[in-house]
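Descriptive structure summary
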Amino acid sequence: QPRWIEKSSQKNSRYQARWYNRWNIPHEPWISATDHGSAVHSGHILYGENNFGNIHASRVLPNHLGANVWIRNKVVKKSCAHLDGGGWTRVRHVPAGYKWHPAKDD
């Protein structure tokens, strides 16, 4: 399903990318900076679960010293002007390696 991304390493303005979050698949959701299909091969996967490995992890985690998930509990305006304005909390960390986070949040 297409999801809105306010800003990323791929683009400095609002755009959409297709993520996977299918029912009853333990290693999803897949969150990526680009559409999931191309993100797997280009190393643009940002998050996966259930210790999933394969190239989903090997193209990302060793090259970027792992991955972090940050959330912010405040309203983001449609404009990107305040996106980097603080209020972020790190809620997940995956070390450099070949498997994604062990969580199974669905």
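A brief look at the structure comes next. (Residues numbered from 1 in each chain as written. Predicted model: local features only at pLDDT ≥ 70, side-chain atom pairs only at ≥ 80, totals over all residues. Heavy atoms only, no water.)

**Some thoughts on the pattern of salt bridges**
Throughout the structure, instances matching the rule amount to 2 salt bridges. For R22, the salt bridge is made with E28, and the minimal N-O distance between the two is 2.3 Å. On the accessibility criterion, R22 (43% relative accessible area) is partly exposed. (Salt bridge = Lys/Arg side-chain N within 4 Å of Asp/Glu carboxyl O. Buried < 20%, exposed > 50% of the residue type's maximum accessible area, 1.4 Å probe, protein only.)

**A closer look at the environment of I45**
Note on placement: I45 falls in strand β4 (residues 45-47). Measuring from C-alpha to C-alpha, the distance between I45 and I55 comes to 9.8 Å, with 10 residues separating the pair along the chain. The contacts of I45, once residues within four sequence positions are left out, are W30, I31, S32, H36, A39, V40, H56, V60 and W100. (Helix = DSSP H or I, 4+ residues; strand = E, 2+ residues; numbered from the N terminus. Contact = heavy atoms within 4.5 Å.)

**Focus: unusual backbone geometry**
Geometrically, the link from E28 to P29 is a cis peptide bond, its omega value of 20 degrees lying close to zero. Turning to its location among the elements, P29 is positioned in the loop between β2 (15-18) and β3 (31-32). Phi at N50 takes a positive value of approximately 60 degrees, unusual for a residue other than glycine. Among the structural elements, N50 can be located in the loop between β4 and α2 (54-58). The backbone of N51 shows a phi angle near 55 degrees, a positive value even though the residue is not glycine. Relative to the assigned elements, N51 resides in the loop between β4 and α2. Given a relative accessible area of 37%, N51 falls into the partly exposed group.

**Quick look at the packing of aromatic side chains**
Within this structure, the stated rule accounts for 2 aromatic pairs. Ring centres of W30 and F52 lie 5.5 Å apart, and the angle between their planes is 80 degrees; on these two criteria the pair is classed as edge-to-face. In this pair, W30 is assigned in the loop between β2 and β3 and F52 in the loop between β4 and α2, connecting sequence segments 22 residues apart. Taking the relative accessible area as the measure of exposure, W30 reaches 2% and is therefore buried. Judged by relative accessible area, F52 falls into the partly exposed class, the value being 23%. Considering the side-chain rings of W30 and W100, the 6.4 Å spacing of their centres and the 80 degrees angle between planes classify their relative orientation as edge-to-face. Here W30, found in the loop between β2 and β3, pairs with W100, found in the segment after β6 (88-94); they are 70 residues apart in sequence, far enough to count as distant. (Phe/Tyr/Trp six-rings, centres within 6.5 Å; stacked < 30°, edge-to-face > 60°.)

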